[in-house]
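Given next are the chains, with one letter for each unit.
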Amino acid sequence: MNKGKPYEISKHLVMKAFKLVKANHGTVGVDAQSLEEYEKNLKDNLYKLWNRMSSGSYFPKPVKGVEIPKKSGGMRLLGIPAVEDRIAQMVGRLYFEPLVERIFHKDSYGYRPGKSAIDAIRITRQRCWEYDWVIEFDIRKLFDNIDHELLMKAVKKHTDCKWLLLYVERWLKVPFQMPDGTIVERTAGTPQGGVISPVLANLFLHYVFDRWIVDASPQNPWARYADDGLVHCRTKEEAEALLGKLKERMLKCKLEIHPDKTRIVYCKDGNRKKEHEHTSFIFLGYEFRPRVARARYGRYFISFTPAVSPQARQSFRDSIREIRRQSIGLKLDEVARRMNPVIRGWANYFGNFYPSMMKQELWKVNLALARWAMRTRKSLRRKPAKALDWLGVCAKTRPTLFVHWEMGIMPTV
């Protein structure tokens, strides 16, 4: 027992929370304290945090607002809690997540243990083969607009733990420190970037969407990854009617369907001959659209199937280009050390479906390396063919130096 403390919080839970926060890395919050600085006096810092959480005297610092560019254009505001607050939120998450995880729907895939984006892509591919139409929807600024009163009602449905309820309310209400230094009070939302925010957002949408769609339209399978979702339909008329109901449901729960990122899509293939304005959609970096596919015995046909999206390809090229520009004059081993984590992660994710398109993009890494070689080695200046030849020799000598070389995607003229 915590003698003299109103709240029972395990010291071991606080230590476990720190280890998880450390493993996730992360940037500094408003107090500019890094994980490394926090760890220098770890025992005292964790004891003080445990003591304040156990006594009810813990109050989170303002959340640091950081703007990052969105792939679709514009900026997204992330909320970065201080290191101590990330640990405190992890304590809350470790306690609360198991209580709600068991009631979440199997087709909710975002930020859940044992589930992944690839799982969502796989089941969506199968359902697109079975259903002709799909509603693609996006919830506008979900993390900014979650209603606090409705969310706390959902939290209280699953726990009566007093310290958790106290601190969830404090985390929800803590103000933002904007990039220009101004402090902004918050009356809605849970910071995108907060440790406990994904669990709270999933709980909110479990009642706003998951439970609702199962009850309102059980014949329509769906998949949701955080604020991005899909609902499969048999007919266009069914999709139009269901989309109207979905918009009404979101407004009732004080959310809004994004008008520019929501549409009805026809899953056109070799057997589906209708015409429709939209015959493709992007979900979790994969573009679903009609593509040439090869059957088991060599026959070619048109299938509605996913492959790496143009946006994901461009983002990958930009990442490789930036590493190349920052690596002029360095040794090839150092370039490989910088590039390989990006190449490996991208290939592992986009190699799951229609891998030939992923491999096309990986081959272009060799062109980026040739440009690096021409800028770094005087003997190769303005000689792209010779630069590729030189890389080809390097690849034959050290075929495991780059991840894509190890996959057999070698530089050739």
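This text goes with the structure placed above it.
Quick notes on the rules
- Residues numbered from 1 in each chain as written.
- Predicted model: local features only at pLDDT ≥ 70, side-chain atom pairs only at ≥ 80, totals over all residues.
- Heavy atoms only, no water.
- Helix = DSSP H or I, 4+ residues; strand = E, 2+ residues; numbered from the N terminus.
- Buried < 20%, exposed > 50% of the residue type's maximum accessible area, 1.4 Å probe, protein only.
- Contact = heavy atoms within 4.5 Å.
- Areas by Shrake-Rupley, 256 points an atom, 1.4 Å probe, with all protein chains shown as cover.
- Lys, Arg positive; Asp, Glu negative; His and termini not counted.
- Charge placed at Lys NZ, Arg CZ, Asp CG, Glu CD.
- Axes fitted to C-alpha atoms, helices over the stretch in contact; angles between N-to-C directions.
- Parallel < 35°, antiparallel > 145°, perpendicular 65-115°, else oblique.
- Left-handed = near helix turned anticlockwise from the far one by under 90°.
- Nonpolar A, V, L, I, M, F, W, Y, C, P; charged D, E, K, R; others polar.
- Pairing = 2+ DSSP bridges.
- Core = buried A, V, L, I, M, F, W, Y, C linked by side-chain atoms within 4.5 Å.
- Salt bridge = Lys/Arg side-chain N within 4 Å of Asp/Glu carboxyl O.
- Patch = residues over 30% accessible without salt bridge, like charges linked within 9 Å, V, L, I, M, F, W, Y side chains within 5 Å.
- Expected span 1.5 Å × (residues − 1).
- Bend = angle between axes of the 7 residues up to and from the residue.

Draft legend 1. Representation of the overall build of the chain within the structure. The helix and strand tally for the chain stands at 15 helices and eleven strands. Structurally, the chain occupies a C-alpha span of about 75 × 60 × 40 Å along its principal axes. Out of the 413 residues in the chain, the part that is buried amounts to 48%. Within the chain, contacts between residues at least 6 apart in sequence are counted, and of these 67% link residues at least 24 apart. Entry remark: accessible area of the chain is about 21,100 Å², with carbon and sulfur atoms responsible for 52%. Counting 74 positive and 45 negative side-chain charges, the chain places the centres of these two groups 7 Å from one another.

Draft legend 2. The arrangement of the packing of helix 11 (residues 310–325) against helix 13 (residues 355–376) in detail. For the pair helix 11 and helix 13, interaxial distance at closest approach is 10 Å and the crossing angle is 20°. When the axis of helix 11 is compared with that of helix 13, the two are roughly parallel. Handedness of the helix 11/helix 13 crossing: right-handed. Along the contact surface, helix 11 presents Arg313, Phe316, Arg317, Ile320 and Arg324, while helix 13 presents Met357, Gln360, Glu361, Leu362, Lys364, Val365, Ala368, Arg371 and Trp372. Its residues assigned to classes, the contact of helix 11 with helix 13 comprises seven nonpolar, one polar and six charged.

Draft legend 3. Summary view of the sheet that holds strand 5 (residues 183–184). On the basis of which strands lie adjacent, the open sheet formed by four strands has the order 2-1-4-5 and mixed pairing. Here the strands that pair on one side only, and so sit at the sheet edges, are strand 2 (75–80) and strand 5. With two bridges joining them, strand 4 (residues 176–177) and strand 5 adopt antiparallel strand pairing. Across the sheet, residue Gln177 finds its bridge partner in strand 5, namely Ile183.

Draft legend 4. Examining the nonpolar core more closely. Counting residues in each nonpolar core, the largest one holds 67 residues, and the members touching the most others are Met53, Ile87, Trp163 and Phe209. The dominant element in this core, judged by the number of residues it contributes, is helix 9 (residues 197–216), at eleven residues. With residues up to four places along the chain from it excluded, the contact list for Met53 reads Tyr7, Ile9, Tyr58, Ala88, Val91, Trp163 and Tyr167. Grouped together as the second largest cluster of nonpolar side chains are 55 residues, Ile320, Leu380, Cys394 and Val403 included.

Draft legend 5. Spatial organisation of the pattern of salt bridges. Scanning the model with the defined rule gives 26 salt bridges in all. A salt bridge links Asp107 to Arg127; the nearest nitrogen and oxygen atoms lie 3.0 Å apart. Remark: Arg127 occurs in helix 5 (residues 117–130) and Asp107 occurs in the loop between helix 4 (83–101) and helix 5; sequence separation between them is 20 residues. On the basis of relative accessibility, which here comes to 4%, the residue Asp107 falls in the buried class. For Arg337, the salt bridge is made with Glu334, and the minimal N-O distance between the two is 2.7 Å.

Draft legend 6. Representation of a positive patch on the surface within the structure. A cluster of basic residues, Arg375, Lys378, Arg381 and Arg382, forms a positive patch at the surface. Secondary-structure assignment places Arg382 in the loop between helix 13 and helix 14 (384–397).

Draft legend 7. Structural context of helix 12 (residues 332–350). With 19 residues, helix 12 extends 25 Å from end C-alpha to end C-alpha; this agrees with the ideal 27 Å at 1.5 Å per step. The sharpest bend along helix 12 reaches about 40° and sits at Met339, with the proline Pro341 one to four residues further on. Taken together, the buried positions of helix 12 are occupied by Leu332, Val335, Ala336, Met339, Asn340, Ile343, Trp346, Ala347 and Phe350. On the buried face of helix 12, the contacting elements are strand 10 (286–294), strand 11 (300–308), helix 11, helix 13, helix 14 and helix 15 (403–406).

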